[in-house]
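Single-letter residue listing:
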Amino acid sequence: ARGGLQASGAEAASGMELTTLFASVDHGVKMQDTFALPRHVESLLALHCPRILFAGATVDPLAADEAEAHDEFERGGSLNRKKESDEIPFVRAQPLARVSARVMRDFAGIELPRGGKVDGPVREALLAFSYQLTIGNTDEAYKAVRAIKSSSVWENMAKMCVKTRRVDVAEVCLGNMGHVRGALAVREAASEPEPEARIAMLAIQLGLLDETQRLYAQCGRHDLLNKSLQAAGRWPEALSIAKERDRIHLAATYHQYAKHLEASGDLAGAIDAYENAGTHTTNVPRLLYAAGQLRELKEYVDRSGHKALFGWWAKFSESAADFDSALEYYDKADDQLARVRVLCFCNRLEDAADLANNTDAPAVAYHLARQYEARSMVPEAIRLFTKAGRYNQAARLAREHGLTAELQSLSLQAPAQMQGEAASFFEDKGQFDKAVQMYHKSGQTQRAIELCFAHNLFEQLRDIANSLGPDAEPAVFKRCGEFFLDHGQFDKAVGLLVRAGQHHTALELCVLHNIPISEKMAEQMASTVKLDDPTLEARRIETLLKIAKCCKRQGAFHLATMKYTQAGDKVKAMKCLLKSGDSDKIILFAVRSRAREIYILGANYLQNLDWHNDATVLAKIVEFYTKAKALEQLAAFYEAKAAVEVDEYRDYDKALEALREAAGAMERSRVGGREEKVESLQHRIHLIERFLGARRVVKSDPQAMVDTCSELLDQIGIEGAIRVGDIFALMVEWFASQRDYQQAYQSIQKMRARNLLLAPYLDSELIDAVYRAVGVEPEPEAEMARGPAASTKASEGEVDDDNEAIDDEVEDD
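Since the model is a prediction, treat every value here as computed from it, not as a measurement. (Residues numbered from 1 in each chain as written. Predicted model: local features only at pLDDT ≥ 70, side-chain atom pairs only at ≥ 80, totals over all residues. Heavy atoms only, no water.)

Section: the overall build of the protein
Link 1 in the chain: Within the protein one finds 44 helices and 7 strands.
Link 2 in the chain: Relative to its 813 residues, the protein shows a buried fraction of 41%.
Link 3 in the chain: Within the protein, contacts between residues separated by at least 24 positions form 45% of all contacts whose residues are at least 6 apart in sequence. (Helix = DSSP H or I, 4+ residues; strand = E, 2+ residues; numbered from the N terminus. Buried < 20%, exposed > 50% of the residue type's maximum accessible area, 1.4 Å probe, protein only. Contact = heavy atoms within 4.5 Å.)

Following this line, the structure appears as structure tokens:
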């Protein structure tokens, strides 16, 4: 083996470390070990297996220890940190000797006398083991040391396995050490997915707790690190890890810490830990009760204000026959059932009744009702059974004691079997209206209808008719419908007549009496499939149009659209759909219809939506106008879009683009006065282009910008293309940036002369800065009639006019 000295920065206080190497013909040079040198070492003196000798300065051992501890603290350690159990010390022959020795790693743990030597076979075996392990030959390494019987040597080799991460070799070492528990723990840890976690378990068995902590932290297994620290009794560190890295086990860590403190007799600390763990409601009473500290326990319960603790003390008081205290603490715990139970046990029924009446807990009412029943207090028991939702129990009592009024109201909420029994009871008593109601509720509908017809029970028959299913006989529907028709119940009659096949009569009733038509009723009144017979087809279309018109008047626009479409009148269908406001269906209907008028209606409607922020809506508007070849409307839309970009967003680039699109659409149109409109648009385009050009040269040619802005302000009709305030704002901001506050102030005054508000165009801080620079007090702004969004509102007004026209057409069709 060869030893070499090399610098290693801040690895040790001396700035040096020693590296031992294996050199062989077959495998070249391999590093065997490296370790930092303490500050008193100056040079390597010799290597004589099993020791390495160093030369250095004479240092007081105590001073050296203190210096090393200080260096450890400077590197991020602790002044109180103990050395790990596998750290090999440097030994001096005399306390103040200049020569110190360190045992080689492979021989650590072997009992050597001062100056003694290792037997030749043992030395060769250990060197062979280290060499084979360094080159990765595990089998040969084991063969080299299997004859060694010293457990300390095997323990040292097991510690080496921690550094080399060889769990398989470590199992052999633990077996030769006779460490059965450790071998089993390492074998069970093989299921851990992280290699560092498996090595950490080996380090635990060898007592290398600092190495364990480093390995668990390295692989991110802070849960296992937490457990290892708990097992080592290092509770502050375990809690710190749980708070910072393992919060999912924070409560469990506090609980285990509390159990540790409780076992140690630190009751106050245990109580705090149980509270932090959230398990104090059960453990603190147990702890204090076991310690016989009842007075302290009661004070703790009163001080905590926790309902679970109040409940515990209430149960304790009840077990001790202290019922007044039990009632008090049950009240604090909000356990009303327990209060009623204690009051009934103490025969204080009036107090129990007051409590049951003032609470909505079903269990409280049920418990007191059972007490009343046991004391033959039937009306009170029925009332409380009802409040508890136990209607079958209440109905049973009412039937047993002949209380018919109570039985009827209760049976309506009881199970079907009890409802049938109540119906038979009422029929035998001659109370047919109640019998019909009970038969119907119990599912015996035919018997209920027979009683209604036999005894002219019209109201009851109406209720039954509302619940008739599709499997009922058409004759029954017809008879019930005619019955309701005779008695003016047209809304009830319509549904029954439709189900009886009397479609024409039902539709006439809907039209005459404005009875809402459902989609199911509409499908039953008129077929949705085209008929081959021309006469029947004409009658079907007539019926569909009548249904659609009725649905439109009732506000059922989707259903009206569907029926108009089935009748072939897609324009009216589109107008009804527009009134519904369902944008997705409007777009889909327009796309599928492929009709010019429908495209225009759809595009006009979509202008009411937020097309500026929804590119899909904007694209559909352009698409619909283009497909309808409505180029004039398309140009008007682009003009409105340009106005919005200017007034709402001050985006003249997009406004210019929109005006160019408008001019292009107008040029392709064939409307009268096309040339004048195109010329007007081109003039607006020219003005915006000049304004954008002025903004682009504001830094490169500011005088040209100022001249252009001044010329634009003198243009007639400039407000139709550009907001005058934006022109002034460009000039004011430039003058202010150049500290020409006089010119900026004059521009602001020109804005005020034109009755322009400053706030929409200029920042208030900029305005104040200009006024301060010229020594003038800022003037308050007055309200103006003209606003920036005037053109937008005008365009919206045009769309609203279109919608009002659609509404009028739909109402007049």
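And the narrative resumes.
As for the environment of Cys510
Link 1 in the chain: In this fold, Cys510 is placed in helix 29 (residues 503-513).
Link 2 in the chain: Its relative accessible area of 0% is what places Cys510 among the buried residues.

Section: the nonpolar core
Link 1 in the chain: Membership of the largest hydrophobic core comes to 178 residues, with the highest contact counts inside it found for Leu368, Ile517, Met705 and Ile722.
Link 2 in the chain: Of all the elements, helix 41 (residues 724-737) adds the most residues to this core, at 10 residues.
Link 3 in the chain: Every residue in contact with Met705, bar those within four places of it in the chain, is listed here: Ala694, Val697, Val698, Leu730, Met731 and Trp734.
Link 4 in the chain: Formed by 43 residues, the second largest nonpolar core is a distinct cluster that contains Phe35, Ile52, Leu126 and Val162. (Core = buried A, V, L, I, M, F, W, Y, C linked by side-chain atoms within 4.5 Å.)

Regarding helix 38 (residues 652-668)
Link 1 in the chain: The first and last C-alpha atoms of helix 38 sit 24 Å apart over 17 residues, in line with the 24 Å expected at 1.5 Å per residue.
Link 2 in the chain: Listing the buried residues of helix 38 in full gives Tyr652, Ala655, Leu656, Ala658, Leu659, Ala662, Ala663, Gly664, Ala665 and Met666.
Link 3 in the chain: Capping the start of helix 38, Asp651 holds a side-chain oxygen 3.4 Å from the backbone nitrogen of Asp653, two or three residues further along. (Expected span 1.5 Å × (residues − 1). Polar contact = N/O pair within 3.5 Å; in protein donor to acceptor, adjacent residues only side chain to side chain.)

Focus on the sheet that holds strand 7 (residues 99-103)
Link 1 in the chain: A sheet is described by the order of its strands in space; here 4 strands give the open sequence 4-5-7-6, paired in antiparallel fashion. Of all the strands in the sheet, the pair left with one neighbour each is strand 4 (41-48) and strand 6 (91-92). (Pairing = 2+ DSSP bridges.)

Some words on the pairing of strand 4
Link 1 in the chain: As paired elements, strand 4 and strand 5 (residues 51-56) share 6 bridges and run antiparallel to each other. Considered in strand 5, the bridge of Val41 is made with Gly56.

A short note on helix 18 (residues 349-357)
Link 1 in the chain: Of the positions making up helix 18, those classed as buried are Leu349, Ala352, Ala353, Leu355 and Ala356. Looking down the long axis of helix 18, one finds its buried residues gathered within 165° of arc, a one-sided arrangement.
Link 2 in the chain: Turning to helix 18, the residues buried within the fold contact helix 17 (336-345), helix 19 (362-374) and helix 20 (378-387). (Arc of directions from axis to C-beta.)

Structural notes on the pairing of strand 5
Link 1 in the chain: Here strand 4 folds back onto strand 5 in antiparallel fashion, the turn holding 2 residues.
Link 2 in the chain: Relative to strand 7, strand 5 runs antiparallel, the two being bridged by 5 bridges. Looking at strand 7, one finds that Phe54 is bridged to Ser100.

Remarks on the state of the cysteines
Disulfides are covalent bonds that connect the sulfur atoms of two cysteines.
Link 1 in the chain: This structure, assessed with the given rule, holds 0 disulfides.
Link 2 in the chain: Lacking any disulfide linkage, Cys510 is separated from the closest cysteine sulfur, that of Cys550, by 5.8 Å. (Disulfide = S-S within 2.5 Å.)

Some details on the packing of aromatic side chains
Link 1 in the chain: Counted by the stated rule, this structure contains 15 aromatic pairs.
Link 2 in the chain: Ring centres of Tyr289 and Phe316 lie 5.8 Å apart, and the angle between their planes is 75°; on these two criteria the pair is classed as edge-to-face. Taken as a pair, Tyr289 in helix 13 (residues 280-290) and Phe316 in helix 15 (residues 307-319) lie far apart in primary sequence, 27 residues in all.
Link 3 in the chain: Note on Phe316: relative accessible area 22%, which makes it partly exposed.
Link 4 in the chain: An aromatic cluster is defined as three or more aromatic residues linked by ring pairs; in this entry it consists of Tyr289, Phe310, Trp312, Trp313, Phe316 and Tyr329.
Link 5 in the chain: The ring centre of Phe35 lies 3.7 Å from the NZ or CZ of Arg102, which sits over that ring.
Link 6 in the chain: Over the face of the ring belonging to Tyr329 we find Lys332, whose NZ or CZ atom lies 4.6 Å from the ring centre. (Phe/Tyr/Trp six-rings, centres within 6.5 Å; stacked < 30°, edge-to-face > 60°. Lys NZ or Arg CZ within 6 Å of the ring centre and 35° of its normal.)

As for the packing of helix 17 against helix 18
Link 1 in the chain: In contact at an axis separation of 8 Å, helix 17 and helix 18 are set at 160° when each is read in the N-to-C sense. What the angle tells us is that helix 17 and helix 18 run roughly antiparallel. Crossing of helix 17 over helix 18 shows left-handed handedness. Residues Gln336, Arg339, Val340, Leu343 and Cys344 of helix 17 touch helix 18, and the partners they reach there are Leu349, Asp351, Ala352 and Leu355.
Link 2 in the chain: When the residues that make up the contact of helix 17 with helix 18 are grouped by side-chain class, the tally is 6 nonpolar, 1 polar and 2 charged. (Axes fitted to C-alpha atoms, helices over the stretch in contact; angles between N-to-C directions. Parallel < 35°, antiparallel > 145°, perpendicular 65-115°, else oblique. Left-handed = near helix turned anticlockwise from the far one by under 90°. Nonpolar A, V, L, I, M, F, W, Y, C, P; charged D, E, K, R; others polar.)

Structural notes on the side chain of Ser583
Link 1 in the chain: Tracing the backbone through its elements, the reader meets Ser583 in helix 34 (residues 583-593).
Link 2 in the chain: On the accessibility criterion, Ser583 (19% relative accessible area) is buried.
Link 3 in the chain: With near-sequence residues (within four places) excluded, Ser583 lies in contact with Tyr605 and Leu609.

Here's the deal with the pattern of salt bridges
Link 1 in the chain: One pass over the structure, following the stated rule, counts 23 salt bridges.
Link 2 in the chain: Ionic pairing is found between Arg221 and Glu192, a salt bridge with its closest N-O pair at 2.7 Å. Within this pair, whereas Arg221 is found in the loop between helix 8 (209-219) and helix 9 (222-231), its partner Glu192 is found in the loop between helix 6 (180-188) and helix 7 (195-205), the two being separated by 29 residues in sequence.
Link 3 in the chain: Relative accessible area serves as the criterion here: at 15%, Arg221 is assigned to the buried category.
Link 4 in the chain: The shortest N-O distance in the salt bridge between Lys627 and Glu623 comes to 2.8 Å. You can see Lys627 and its partner Glu623 sitting in helix 36 (residues 615-627), 4 residues apart, about one turn around the helix. (Salt bridge = Lys/Arg side-chain N within 4 Å of Asp/Glu carboxyl O.)

A few points about unusual backbone geometry
Link 1 in the chain: If you check the backbone angles, Ala321 has positive phi at about 65° while not being a glycine.
Link 2 in the chain: Position of Ala321 among the secondary structure elements: in the loop between helix 15 and helix 16 (323-332).

Brief notes about a negative patch on the surface
Link 1 in the chain: On the surface, Glu733, Asp763, Glu765 and Asp768 cluster together into a negatively charged patch.
Link 2 in the chain: One can find Glu765 in helix 43 (residues 764-774).
Link 3 in the chain: For Glu765, a relative accessible area of 62% translates into the label exposed. (Patch = residues over 30% accessible without salt bridge, like charges linked within 9 Å, V, L, I, M, F, W, Y side chains within 5 Å. Areas by Shrake-Rupley, 256 points an atom, 1.4 Å probe, with all protein chains shown as cover. Lys, Arg positive; Asp, Glu negative; His and termini not counted. Charge placed at Lys NZ, Arg CZ, Asp CG, Glu CD.)

A look at the packing of helix 40 (residues 702-714) against helix 41
Axis angle and axis distance: for two packed helices, these are the angle between their axes and the distance between the axes, and together they describe the pair.
Link 1 in the chain: Across the interface, helix 40 lies against helix 41 with an axial gap of 10 Å and an inter-helix angle of 155°. Considering the angle they form, helix 40 stands roughly antiparallel to helix 41. Two packed elements cross with a definite hand, and for helix 40 against helix 41 that hand is left-handed. For the pair helix 40 and helix 41, contact is made by Pro702, Met705, Val706, Cys709, Ser710, Leu712 and Leu713 and by Val724, Ile727, Phe728, Leu730, Met731, Trp734 and Phe735, respectively.

Some details on the confidence of the model for the protein
Link 1 in the chain: Predicted confidence across the protein gives a mean pLDDT of 79, with 86% of residues reaching 70 or more.
Link 2 in the chain: The spread of mean pLDDT over the elements of the protein runs between strand 1 (residues 2-7), the lowest at 36, and helix 11 (residues 250-264), the highest at 90.
Link 3 in the chain: Throughout residues 808-812 the model reports pLDDT below 50, and contacts reaching past four residues in sequence, or to other chains, amount to 7 contacts. (pLDDT = per-residue confidence, 0-100.)

Side note on the environment of Leu512
Link 1 in the chain: Mapped onto the secondary structure, Leu512 falls in helix 29.
Link 2 in the chain: For Leu512 and Phe490, which are 22 residues apart along the polypeptide, the C-alpha to C-alpha distance reads 9.9 Å.

Things to note about the environment of Phe624
Link 1 in the chain: Here Phe624 shows up in helix 36.
Link 2 in the chain: A C-alpha to C-alpha distance of 9.3 Å links Phe624 and Arg594, two positions 30 residues apart in sequence.
Link 3 in the chain: Excluding residues within four positions of it along the chain, Phe624 makes contact with Ile587, Ala590, Val591, Tyr599, Gly602, Ala603 and Leu606.

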